[in-house]
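Residue-level structure breakdown
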Amino acid sequence: SYSFCTLLGGGAHTHQNNKRSMSIAAYSGGSLLSVCGKNCISICSDHRLGSQSHTIAKGCLKFHRVGPKVFVGLSGLNTDNRTLLARIQFRMKLFKLREERDMPVEAVASMVSNILYGKRFGGYIVYPIVCGLKENGEPFLTSMDGIGAHSFTDEFASVGTAAEALLGAVESLYRPDMNPDDLFHVTAQGMMAALDRDTCSGWGCTVAIMTEEGVTTRTVSGRND
């Protein structure tokens, strides 16, 4: 029981530090979601870049268009994200110089996996999504862990601090063979619902829809806290 002095803040008493340590993978925060449609695919990123609970920037996209029909999304430690992106872009430029063609999305996924596995003993703290359209127009989607192990799917995938919340939100909205408009609404609603349940992601999101005709990008405003 507490004494009267303790209740007033005086007296001799100990203070237990209940601060929980944060995973280094969640240090920068951020989340990614990708959903497959009929001959189209979406990828969505929140805008927050943080240092644990501190927000550093509110315009940080985690996905990058590395080819005409290829997106790479990188979730994890921001410094490792930038390093890995530079290596991916270098290898893709070298491939185009040698082969005189763009690297297909399946090859990009294998390349990213090989880079991560090659660093498995002192690896990048990165959890990627690789998505895009195959040569026949069908969507391609895979997510990976920190050493490049694939998780192929023809529905949806998520990575980042809100990954579990994203899976739960999108699972109730997803339908097979969605058109680009429906795909945008499902992706945006799923991301916004998950951002309300995660303190390390937020500040709205950006959704990119890739079709055979090109890429359409839209920004969705969200809570700025």
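Everything below is about the structure printed above this text.
The structure contained in this document is the topic of the report that follows. Since the structure is predicted, the reported quantities are computational estimates derived from the model, not experimental observations.

**Comments concerning unusual backbone geometry**
Residues other than glycine seldom take positive phi values, yet Asn 39 does so here, at roughly 55°. Here Asn 39 lies in the loop between β1 (31-36) and β2 (41-46). Under the relative-accessibility criterion, Asn 39 is labelled partly exposed at 38%. Backbone geometry places Asp 177, a non-glycine residue, at a positive phi of 55°. Inspection of the secondary structure puts Asp 177 in the loop between α4 (163-171) and α5 (180-195).

**Section: the packing of aromatic side chains**
Any aromatic ring pair is given by two values, namely how distant the centres are and how the planes are angled relative to each other. Here the structure, examined in full by the defined rule, presents three aromatic pairs. With a centroid separation of 6.0 Å and an interplanar angle of 70°, the aromatic rings of Phe 140 and Phe 152 are classed as edge-to-face. Placement of the pair is Phe 140 in strand β8 (residues 139-144) and Phe 152 in strand β9 (residues 150-152), with a sequence separation of twelve residues. A residue is classified by how much of its surface remains accessible, and Phe 152, at 54% relative accessible area, is exposed. If you follow Arg 120 out to its NZ or CZ, it ends over the ring of Tyr 117, 4.2 Å from the centre. Its end group placed over the ring of Phe 184, Arg 218 keeps NZ or CZ at 4.3 Å from the ring centre.

**Focus on the sheet that holds strand β6 (residues 70-76)**
Sheet strands pair via backbone hydrogen bonds, and the direction of the pair is either parallel or antiparallel. Overall, antiparallel pairing links the five strands, which are arranged β5-β6-β7-β8-β9 in an open sheet. Since the sheet does not close on itself, it has two edges, and those belong to β5 (63-67) and β9, each with one partner. Taken pair by pair, the neighbouring strands of this sheet meet at an average axis angle of 25°, ignoring direction. By the bridge criterion, three bridges tie β8 to β9 in an arrangement that is antiparallel.

**Remarks on the side chain of Thr 211**
Counting through the fold element by element, Thr 211 comes out in strand β11 (residues 205-211). When its relative accessible area of 15% is taken as the criterion, Thr 211 is described as buried.

**A short note on helix α2 (residues 78-99)**
The terminal C-alpha atoms of α2, which comprises 22 residues, lie 31 Å apart, in line with the 32 Å expected from a rise of 1.5 Å per residue. Taken residue by residue, α2 has Asn 78, Asp 80, Asn 81, Leu 84, Leu 85, Ile 88, Met 92 and Phe 95 as its buried positions. For α2, the angular spread of the buried residues around the axis is 140°, confining them to a single face. Opposite the packed face of α2, turned more than 90 degrees from it, sit the exposed residues Thr 79, Arg 82, Phe 90, Lys 93, Leu 97 and Arg 98. Those residues of α2 hidden inside the fold are in contact with β3 (49-51), β5, β6, α3 (105-118) and β7 (126-133). Directly after α2, the chain includes Glu 100, whose backbone phi takes a positive value near 60°.

Calculation notes
Residues numbered from 1 in each chain as written. Predicted model: local features only at pLDDT ≥ 70, side-chain atom pairs only at ≥ 80, totals over all residues. Heavy atoms only, no water. Helix = DSSP H or I, 4+ residues; strand = E, 2+ residues; numbered from the N terminus. Buried < 20%, exposed > 50% of the residue type's maximum accessible area, 1.4 Å probe, protein only. Phe/Tyr/Trp six-rings, centres within 6.5 Å; stacked < 30°, edge-to-face > 60°. Lys NZ or Arg CZ within 6 Å of the ring centre and 35° of its normal. Pairing = 2+ DSSP bridges. Axes fitted to C-alpha atoms, helices over the stretch in contact; angles between N-to-C directions. Expected span 1.5 Å × (residues − 1). Arc of directions from axis to C-beta. Contact = heavy atoms within 4.5 Å.

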